[in-house]
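Now for the letters of each chain:
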Amino acid sequence: MLEIRNLHVKIADEDTSILKGVDLVVPKGEVHAIMGPNGSGKSTLAYVLAGREDYEVTEGDILWNGDSVLEMPPDERAARGVFLAFQYPMEIPGVAGITFLRTALNSLRKKRGQPELTTPEFMKLLRERAGKLEIDVEMLKRPVNVGFSGGEKKRSEILQMALLEPTMCVLDETDSGLDIDALRIVADGVNALRAPDRAMLVITHYQRLLNYIVPDKVHVLANGRIQRTGGKELALELERSGYAEFASKAA
Amino acid sequence: MKTKAEAAITESFEAVSRQLPGGAAVREERRNAIGTFAALGLPHRRIEEWKYTDLRALLKEAFAPAVRGAAAPSEAELQAALGPLAGLDAYRVVVVDGAFDERLSSARMPEGLAVKPLGEALAQSPDRIGEGLVRSSRPGDALEALNSAFATDGAVVRIADGAAPDKPVLLVFARAGGERKAVTTRNVISIGKGAVVTLVEAFVALPGAAKEGHSNAATEIVIGEDAAVTHVKANVDTGKTVHLGSANARIGAGAAYRAFQLTAGPGLARNQIFATFAGEGGRLDCSGVFLAAGDEHIDTTLVVDHAVPGCESRELYKGVLDGRARGIFQGKVIVRPDAQKSDGKQMAQALMLSPDAEFDSKPELEIYADDVVCGHGSTSAEIDPELVFYCMSRGIPEPQARALLIESFVGEAIEKVEDEAIRAALMAMAREWLSKRTAPEPGRA
């Protein structure tokens, strides 16, 4: 279970606070969506969960399976099962996708006390997982994300997720830049990972994605706090009314 | 005023000149060369091309010239010295301490590829040819003058028109023996029309080689029309060695010359490459990786002469600098008045692992024609913290994440080498250096 308690976050070296008391619980087996206007702190929340250094938690706590993750470096969080699918996946020129994936998977396996995979074992797993996402393994011989289209980058993020098998998945604006076909492939990939021991937090600006990844709960984040929580119908309501209501609350 | 080292070099010539290979005309050529050097002295910072590498100040001592190779390393020792290149399937020419080693060299060469040790060629050739073998195409260059004066051995390679040897030619220059010395080697390579060949030069230290040593290595390479040549140079010599390397390439019409240098090991290295387009439609692809830590100093100086129209040159250099290391890239592109439609681009990038490291990059464009495309760029940066975060968020610990990113940075230049086996060996050599020298920063806050 993910528990976020009264989380206050500011940008390190700056005074502006972005999150001002976020409270949120995502039980295992559930998919929750976070929606909100631009600048509401959605991506900040995603980064803080993954442990990015440029943010400073000034108050509150993040617990995953009962343990605070705040003092853990990102790789330690990953070992505990945390995974962030980036809004803008990074390009790593010079590192072949396969090398990157294998290094990541074996680092995690080592930390989790599992034996590292041999090359044939890894390739078998990779082919199987990539196939489901309609990713050509040949493409993964190229440097990580370099020259990939927006859709290819997002699919490659979901492939990482499928391969690393995290238990806490955070998807940051996974739908941005995707056409309808790519969206369906990505959503299918995510849905296939829904499992009783896995919690998911889907961050999005638009309702569209939630037609494909149907959430158990929807939270509205605005002005650094969760303003409202509801069922999947809340997303449809927001699609009609927009975020104006929450913007005015802030003013 | 001559420095101690300059005086010692000139004097040592008198001591060894009789032992150097070559007949009367060669001796005369060598005498002229040492005369040129005596007049020039070691290059120093007041000479523009040597602004960042003040050899007069840096080279405090001269070592005795190696004239007769005494070491007889075993195949196993050579393999150990070659490291990742040991497995390369190639026609091999081995020079140990400046002397051709027949035992370790390939006995047979394929048709169209003729290789002769320079020492033997000098001893056997008629005067005129011998003279040509030691004469530099840039006789006024102090390093090349020294090379002409002292060169003992190396490879004279001739590739016939249209020949395409089935394997690369690997020229190994190994340092051996416990005593400090100055080794001078020289290759003279001519490549026939339409030939396709890959040459690899490896500068390595054999087990037990002295910590200090000097090497001066020159390669003269003339590339025939429409030939395609890959010329890789890997210097992974160890210890406080000084390497002074010069390459002169003449690129024929329609020919492609792809050169790559990996420098990872010597304490002080200067790699100078002079490439001239001799015919239209030539292409030069020059790239390299320099890795330096501690007080190491690696200088890459390129001069590309677009002497004729319609040629293309590309340069990509990447360096990783740690400690108080210094990396230098000087890239000059000359476009002569008639050389219209010339296309020249260069890029030099350094990854700075320490605040005390220094990267000096000096592009120079001398363009005398009006219809040309030329560009240059240079960057120096630290490892991108966002990329480190990305890797760590996938479970890769910080030290490995940093190592992976450094590898990826140099990998982009190594990618330029088309031969897969050579590329893999170069990457492995770079990785070996990186794992030894760049201690990860544990627990960086």
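Scroll up a little and you will see the structure.
In this report, the structure presented in the accompanying data block is examined.

Each value, and the rule that gives it
- Think of each chain on its own: its residues are numbered from 1, step by step along the sequence as written.
- Here the convention is simple: chains get letters from A, ligands get numbers from 1, in the order in which they are written.
- Per-residue local features of the predicted model are confined to residues with pLDDT of at least 70, and side-chain atom pairs are confined, for both listing and counting, to 80 or more; whole-chain, interface and lining totals are unaffected and use all residues.
- Side-chain metrics in this entry use all non-hydrogen atoms of the structure; hydrogen atoms and water are not considered.
- As defined here, a cavity is a set of points on a 1 Å grid over the protein atoms alone where a 1.4 Å probe fits but cannot get out. A pocket is an open set with protein on both sides within 12 Å along at least five of seven lines, and residues line them when an atom is within 4 Å of a point.
- Grid points are joined across faces, edges and corners, and a volume is the space filled by probe spheres set on the points.
- By the convention adopted, Pro, Cys, Tyr, Trp, Phe, Met, Ile, Leu, Val and Ala count as nonpolar, Lys, Arg, Asp and Glu as charged, and the other residues, Gly among them, as polar.
- Note on pairing: DSSP must find at least two bridges between two strands before they are called paired.
- Strands here mean DSSP runs of E at least two residues long; helices mean DSSP runs of H or I at least four residues long; both are numbered from the N terminus.
- All axes are obtained by fitting lines to C-alpha atoms, using only the stretch in contact for helices, and the reported angles, taken between N-to-C directions, cover 0 to 180 degrees.
- Should any heavy atoms of two residues lie within 4.5 Å, those residues are counted as being in contact.
- Buried area is calculated as the accessible area (1.4 Å probe) missing from two parts once they are joined, with the contributions of both summed.
- For this document, the term salt bridge refers to a Lys or Arg side-chain nitrogen within 4 Å of an Asp or Glu carboxyl oxygen.
- The classification of residues rests on relative accessible area computed with a 1.4 Å probe and restricted to protein chains. Under 20% of the type maximum is buried, over 50% is exposed, and intermediate values are partly exposed.

### Some details on empty space enclosed by the protein
Then step 1. Going through the model one piece at a time under the given rule, you end up with six cavities of 30 Å³ or more.
Then step 2. Its volume calculated, the largest cavity comes out at about 240 Å³.
Then step 3. Taken together, the residues of the lining of the largest cavity break down into twelve nonpolar, six polar and no charged.

### Focus on the sheet that holds strand 16 (residues 326-335) of chain B
Residues and elements named next belong to chain B.
Then step 1. Across the sheet, which stays open at both edges, the nine strands sit in the order 3-4-6-8-10-12-14-16-18 with mixed pairing between neighbours. A single partner strand is all that each edge strand has here, and the edge strands are strand 3 (113-117) and strand 18 (358-367). When strand polarity is set aside, the average angle formed by the axes of neighbouring strands in this sheet is 10°.
Then step 2. Here strand 16 pairs with strand 18 via ten bridges, running parallel. Looking at the pairing, Ile334 lines up with Glu366 of strand 18.

### Points about the interface of chain A and chain B
Where interface size is given, it is often the accessible area lost as the parts come together that is meant.
Then step 1. Across the contact, 31 residues belong to chain A and 19 residues belong to chain B.
Then step 2. Around 2,000 Å² of area is buried between chain A and chain B when both sides are counted, 69% of it from carbon and sulfur atoms.
Then step 3. Here chain A and chain B share two salt bridges between them.
Then step 4. In this structure, Arg394 of chain B engages Glu157 of chain A in a salt bridge whose closest nitrogen and oxygen atoms are separated by 2.6 Å.
Then step 5. At the level of elements, helix 1 (42-50), helix 2 (74-79), strand 6 (82-85), strand 7 (92-96), helix 3 (97-111) and helix 5 (150-164) of chain A are the ones that each hand at least two residues to the side of chain A that touches chain B.
Then step 6. No other element matches helix 3 of chain A, which puts six residues into the side of chain A that touches chain B.
Then step 7. Counted by class, the side of chain A that touches chain B contains 19 nonpolar, six polar and six charged residues.

### Thoughts on the pattern of salt bridges
Residue and element names in this part refer to chain B.
Then step 1. This structure, assessed with the given rule, holds 49 salt bridges over all chains.
Then step 2. A salt bridge links Asp285 to Arg258, with the shortest nitrogen-to-oxygen separation between them at 3.8 Å. In this pair, Asp285 is assigned in strand 13 (residues 283-292) and Arg258 in strand 11 (residues 256-264), connecting sequence segments 27 residues apart.
Then step 3. For Arg326, the salt bridge goes to Glu358, with nearest N and O atoms at 3.2 Å. Within this pair, whereas Arg326 is found in strand 16, its partner Glu358 is found in strand 18, the two being separated by 32 residues in sequence.
Then step 4. Arg326 sits in the partly exposed class, given a relative accessible area of 25%.
Then step 5. Assessed through its relative accessible area of 33%, Glu358 is described here as partly exposed.
Then step 6. Residues joined in a network through salt bridges with shared partners are Arg258, Arg283, Asp285, Glu312, Arg314, Asp343, Lys345 and Glu418.

Note that every value here comes from positions in space, so none of it alone points to a role or purpose.
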